[in-house]
Amino acid sequence: MTIFRRRLQETGKELSFEAARMALDQAGMEIGDINAVVHGTAPDAFDGVHMKGEYLLDGSGGARKPYMRVYTGGGTGVFSAIAGYWHVASGLADVALVVNEEKMSSCQPHPQSVFAHIWDPILDRPLKPNLVWIFAMEMNRYMTVNKIPYEDIARVAVKNKRNAAGHPCAQLADPDITLDDVMNSELMAWPVRRLDISPPSDGAAAVVLASEDIVRKRKLRDQAAWIKGVGWCIDSTMWTDRDLVFPEYVARAAKMAYRQAKIGNPRREIDFAEPYDPFDYKELHHLEGLGLAERGKAGLMTREGVTERDGDLPVCPSGGLLGVGNPIAATLGIKIGELYWQLTGQAGKRQIPNEVRTGVCQAWGDLMQYGSVVVMGT
Amino acid sequence: MTFTDRTKDPRALRHWYGDIEADYVYTSGVAGERFFRELRDHGRLLGTRCGECGKRWIPPKLFCEDCFREVSEFVDLPATGRVAAACAVRVDIERNPLPQAVVWGLVRFKGFEGGLVHRLLIAPERGRAGLVVRPVLRDAASRTGAITDLEGFAP
Amino acid sequence: MTARVDRWPGVELGPKDIEGRVVTSVRYRPAAKFAWSAGEAMSRFLAELQRGRLIARQCNTCRRILFPPRMFCEECYRPTDAWVYVRDTGTIETYSVSYLDTDARRITEPIFVGVVSIDGASPRMGIMHYFGEVTKEEIRIGMPVQAKWRPAEDRVGSVLDIEYFRPVREGGR
């Protein structure tokens, strides 16, 4: 993966190349070893290039190969790996390369302005909505119905920004950040404050997915982690008709992935998690959807330190989107990527002290409606 | 099964008007930065050469599309190129007739993969494949480091 | 991180590198104009708004009253069956007090915005709208509210024909 920053000089193609080349080098492969390429990237409007998948493909090694671009909003960060998995699991490809890219800095003055166009043009857009509003509304409902104090939510931002201090690509790492810093940061849309939100970022990440055969033949066992289960689910776009308290779509996606991975009791069988955390409350929301916390109790787990890197269930040991950055689709590098590095013992300063054998990652997106889940193991 | 109610009077069907506002800055990137600086400051056109397979690319790229290896060697383009395809445009983007046809072409360069799409500074009837052309630059003071620093290509 | 990685690529730029044209770049503003067709359900919805009324669609299979109205039920996946008027009162399902405008610019007078579920529609079916005549101390989830309509002559067939929703004061609904 590349570094994540508010502005990078590289074009989207160049970012894609840098990430894809790194992944190939680490796997000891060349582009000729790749049978199919999956490119994940968020709305064309961020980079400001229509047919962005086609535009980027030479940079992601897709020229003259079976190639597809996938897009499920913020869910793309994990979903593109699921699409890569289909290629290999189906036997259509022995080796698939998954490359995710985002260059949000192209959009001026702030990527926020094109978010306005994801809303229904007749029902929502006349109200001139700001994207932070919907998260503020969801967070309010989540914390009010479950009676969760704001500080238990803010603790997530503190934990993740501290965890990110060990990440070489991090944009907003802060080893010294305190709960007061988050709770006293600028109020943007109550109850959301500035440090509750991940930043817009430029960046790219890539992974190589290979069949068991290839892993055996190329003697890659020592550095391989395995995809054990995948799941995805989307709820209705009529978001004003939905209960926002519990992410049903994440629960369904998780159930699908757990069934395949033969996980009956996720809280006991999963050693660590990388849920999607573009906002601090989302980590809690998603832990509940993933069945790793009881409904309304993820905040308590955070307060008790269960989700710290040395806790019983480390959550976002990478530093997450809150600490490493949020180049939408490229969060592949801090979700799938972190599972890989942790499971193979390559996470360096971020390595979870307890032995980890099974991890789950999840991404979330579109209009608060999409969940993609991958379970990986040693 | 179709909708159980249908509007019979088409005038009752409404539209909602709006636009998709957006504003962009595109950085030239790492390879593009070198290319456009040379063009702006020295009036030179550069391509890249892959150290692995020896292929030369115009416009320059940070990577070789074939070998998928990073490329760092920049090389000069030949003084002239050859038109590979051309067309004469007689209407603007909103279909208003143009006072004078504008000729566009794909110009390729010997020994290089790719090419440049740009204006051909010729009469429409001369816009044919095979025509040998040379780049025409804007004067140095008005160049900004963009593809429009080239006026186009002339015979 | 991994011993084999010695370089994490990426060239960071600051805002001045772009604004001050330290690096080369091009600027572009697309002109994308649209006329979104409102279709069956939304055309009627907008016409009723202009008359000062809220309308929904009923599904005879699941018996839900769907609001905002649509011509198909996404649960039963069949056409909906009848038009039903709903009330212009409802309940605050959630809200935010925003100090950001649509372009993320800071504002001092906050915008009250949220989701109102509408009385007469199935539970939790509602729309996003503004709230008014309420303070940030008073507003709460579960608060009963009523539409404040624009004067009939100012309505154009838009969600903005309702200026905002305001608390239902004494006398109830």
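Worth saying up front: this structure is predicted, and the values here are computed from it rather than measured. Think of each chain on its own: its residues are numbered from 1, step by step along the sequence as written. By the order in which they are written, chains take letters starting at A while ligands take numbers starting at 1. For a predicted model such as this one, the threshold for reporting local features is a pLDDT of at least 70, and the threshold for listing and counting side-chain atom pairs is 80 or more; totals across whole chains, interfaces and linings nevertheless cover every residue.

A.B. asks: Report on the overall build of chain A, specifying residues and quantitative values.
C.D. replies: In terms of helices and strands, chain A carries 15 helices and ten strands. Overall, the C-alpha framework of chain A stretches about 55 × 45 × 40 Å when taken along its three principal axes. Whether a residue is buried, exposed or partly exposed follows from its count of other C-beta atoms within 10 Å of its own C-beta, namely 20 or more, 12 or fewer, or something in between, respectively; the C-beta atoms are built from the backbone. In chain A, buried positions account for 65% of the 378 residues. Two residues form a contact once the distance between their C-beta atoms, set from the backbone, is within 7 Å. Put simply, of all contacts in chain A between residues at least 6 apart along the chain, 77% involve residues at least 24 apart. Strands here mean DSSP runs of E at least two residues long; helices mean DSSP runs of H or I at least four residues long; both are numbered from the N terminus.

A.B. asks: Explain the overall build of chain B residue by residue, including any values.
C.D. replies: A tally of regular secondary structure across chain B gives one helix and eleven strands. Listing each helix as α and each strand as β along chain B from the N terminus yields β-β-α-β-β-β-β-β-β-β-β-β. Rg of the C-alpha trace for chain B: 22 Å, well past the compact-globule value of 15 Å for 155 residues, more than 25% over. Viewed in the frame of its principal axes, chain B has a C-alpha envelope of about 70 × 40 × 35 Å. A burial count over chain B gives 28% of its 155 residues as buried. For chain B, restricting intrachain contacts to residue pairs at least 6 apart in sequence, the fraction spanning at least 24 positions comes to 49%. For the radius of gyration, the atoms used are the C-alpha atoms, and the globule rule reads 2.2 Å times the number of residues raised to 0.38.

A.B. asks: Please give an account of helix α2 (residues 39-50) of chain C that cites residues and values.
C.D. replies: Residues and elements named next belong to chain C. The end-to-end C-alpha distance of α2 is 16 Å, a good match for the 16 Å that twelve residues give at a rise of 1.5 Å each. Every buried residue of α2 is accounted for by Ala 41, Met 42, Arg 44, Phe 45, Leu 46 and Leu 49. Check the buried side of α2 and you find it contacts β3 (54-58). Once α2 ends, the next one or two residues include Gly 52, with phi positive near 85°. Working rule for helices: expected span equals 1.5 Å times residues minus one.

A.B. asks: Requested: an account of the interface of chain A and chain B, with residues and values cited.
C.D. replies: In this assembly, 22 residues from chain A lie in contact with 19 residues from chain B. Breaking the side of chain A that touches chain B down by element, the ones donating at least two residues are α1 (12-27) and α5 (112-115) of chain A. By residue number, the principal contributor to the side of chain A that touches chain B is α1 of chain A, which donates three residues.

A.B. asks: Describe the domain arrangement of chain A, naming the residues involved and giving the relevant values.
C.D. replies: Residue and element names in this part refer to chain A. The split into domains, and so the bounds of each, comes from an automatic or database assignment of domains. Domain assignment breaks chain A into domain 1 (12-109 + 202-217) and domain 2 (112-198 + 224-377). Computed over C-alpha atoms only, the centres of domain 1 and domain 2 are separated by 23 Å. Contacts between the two partners involve 28 residues from domain 1, matched on the other side by 32 residues from domain 2. Residue assignment for the side of domain 1 that touches domain 2 shows that the elements contributing at least two residues are α2 (44-47), α4 (76-89), β3 (95-103) and β6 (202-210). For the side of domain 1 that touches domain 2, the element with the most residues is α4, which contributes eight residues. Charged residues are taken to be Asp, Glu, Lys and Arg, nonpolar residues to be Ala, Val, Leu, Ile, Met, Phe, Trp, Tyr, Cys and Pro, and polar residues to be all remaining types, Gly included. Here the residues of the side of domain 1 that touches domain 2 sort into 14 nonpolar, eleven polar and three charged.

A.B. asks: Describe in detail the interface of chain C and chain A, supporting the description with residues and values.
C.D. replies: Bring the parts together and some accessible area is lost; that lost area is often taken as the interface size. The interface of chain C with chain A comprises 43 residues on the first partner and 45 residues on the second. Sorting the residues of the side of chain C that touches chain A by element identifies β8 (89-100), β9 (106-118) and β10 (126-130) of chain C as the ones contributing at least two each. No other element matches the eight residues that β8 of chain C contributes to the side of chain C that touches chain A. Within the side of chain C that touches chain A, the residues separate by chemical class into 26 nonpolar, ten polar and seven charged.

A.B. asks: Explain the sheet that holds strand β7 (residues 226-234) of chain A to me, and be specific about the residues and the numbers.
C.D. replies: Residues and elements named next belong to chain A. Only strands that DSSP links by at least two bridges are regarded as paired with each other. An order of β7-β10-β9-β8 is seen for the four strands of this open sheet, with the pairing classed as mixed. Two strands close off the open sheet at either side, each with one partner strand: β7 and β8 (272-274). Within the sheet, the average angular offset between the axes of one strand and its neighbour, ignoring direction, is 15°. One ladder, built from three bridges, connects β8 with strand β9 (residues 358-365); its direction is parallel. If you follow Ala 273 over to β9, its bridge partner there is Val 360. Every axis in this analysis is a line fitted to C-alpha atoms, fitted for helices over the stretch in contact. Angles between the N-to-C directions lie between 0 and 180 degrees. Against the sheet, helix α15 (residues 332-343) touches β8, β9 and β10 (370-377), its axis set at about 170° to β9.

A.B. asks: Please give an account of helix α7 (residues 150-163) of chain A that cites residues and values.
C.D. replies: All names here are of chain A. Counted at 1.5 Å a residue, the expected span for α7 with its 14 residues is 20 Å, and the 21 Å between its end C-alpha atoms agrees. In terms of burial, α7 is largely enclosed, as eleven of its 14 residues are buried. Within α7, the full set of buried residues consists of Asp 152, Ile 153, Ala 154, Arg 155, Val 156, Ala 157, Val 158, Lys 159, Asn 160, Lys 161 and Asn 163. Contacts from the buried residues of α7 go to α6 (131-146), α8 (179-183), α12 (280-289), α13 (298-303) and α14 (320-324).

A.B. asks: Provide a residue-level description of the nonpolar core, including the pertinent values.
C.D. replies: All names here are of chain A. As used throughout, a nonpolar core is a set of buried Ala, Val, Leu, Ile, Met, Phe, Trp, Tyr and Cys residues joined through C-beta atoms within 7 Å of each other. Ranked by size, the top nonpolar core spans 194 residues in total, and within it Ala 19, Ala 23, Leu 97, Ala 206, Val 207 and Val 374 carry the most contacts. Examining the composition of this core, we find that ten residues originate from one element, α6, more than from any other. Taken domain by domain, this core gets at least three of its residues from each of domain 1 (12-109 + 202-217) and domain 2 (112-198 + 224-377).

A.B. asks: Can you tell me about the sheet that holds strand β5 (residues 73-76) of chain B, naming the residues and giving the values?
C.D. replies: Whether parallel or antiparallel, the strands of a sheet pair through hydrogen bonds between backbone atoms. Residues and elements named next belong to chain B. Spatially, the four strands line up as an open sheet ordered β5-β3-β4-β8, and their pairing is mixed. Edge strands, defined here as strands with exactly one partner in the open sheet, are β5 and β8 (112-114). With direction set aside, neighbouring strand axes in the sheet form an average angle of 40°. Here four bridges tie strand β3 (residues 46-49) to β5, and the two strands are oriented antiparallel to one another. Bridge assignment links Gly 47 to a residue of β5, and that residue is Val 75.

A.B. asks: Just give me the short version of the environment of Gly 61 of chain A, but keep the residues and values in it.
C.D. replies: Its place among the elements puts Gly 61 of chain A in the loop between α3 (52-56) and β2 (67-70). Put simply, Gly 61 of chain A and Arg 21 of chain A are 40 residues apart on the chain and 8.9 Å apart in space, counted from C-alpha to C-alpha. Ignoring any residue separated from it by four or fewer positions in sequence, one finds Gly 61 of chain A in contact with Ala 20, Ile 31, Ile 34, Val 37 and Leu 97 of chain A together with Phe 68 of chain B.

A.B. asks: I'd like a rundown of the packing of α7 of chain A against α12 of chain A, residues and numbers included.
C.D. replies: In a pair of packed helices, the angle between the axes and the distance between the axes together describe the arrangement. All names here are of chain A. Orientation of α7 relative to α12, taken along the N-to-C sense of each, is 105°, at an axis distance of 7 Å. Looking at the two axes, α7 sits roughly perpendicular to α12. Contact residues: Ile 153, Ala 154, Val 156 and Ala 157 in α7; Asp 280, Tyr 281, Glu 283 and Leu 284 in α12. Split into classes, the residues belonging to the contact of α7 with α12 amount to six nonpolar, no polar and two charged. Oblique is the label for every angle not falling under 35 degrees (roughly parallel), over 145 degrees (roughly antiparallel), or within 65 to 115 degrees (roughly perpendicular).

A.B. asks: Give me the environment of Val 207 of chain A: which residues, what numbers.
C.D. replies: Residue and element names in this part refer to chain A. When you line up the elements, Val 207 lands in strand β6. The spacing of Val 207 and Ala 81 is 126 residues in sequence and 8.0 Å in space, taken between C-alpha atoms. When residues no more than four places from it in sequence are discounted, the contact partners of Val 207 are Ala 23, Ala 81, Val 98, Leu 332, Ile 336, Gly 337 and Tyr 340.

A.B. asks: Lay out unusual backbone geometry with the relevant residues and their values.
C.D. replies: In this structure, the amide linkage connecting Gln 108 of chain A to the following residue, Pro 109 of chain A, adopts the cis form with an omega of -10°. Secondary-structure assignment places Pro 109 of chain A in the loop between β3 and α5. Residue Pro 59 of chain B is reached from Ile 58 of chain B by a cis peptide bond, and omega for that bond is -5°. Its identity as a non-glycine residue notwithstanding, Lys 262 of chain A has a phi of 55°, on the positive side. Mapped onto the elements of the fold, Lys 262 of chain A is located in the loop between α10 (248-261) and α11 (266-269). Even without a glycine there, the phi angle at Asp 366 of chain A is positive, about 55°. Relative to the elements of secondary structure, Asp 366 of chain A occurs in the loop between β9 and β10.

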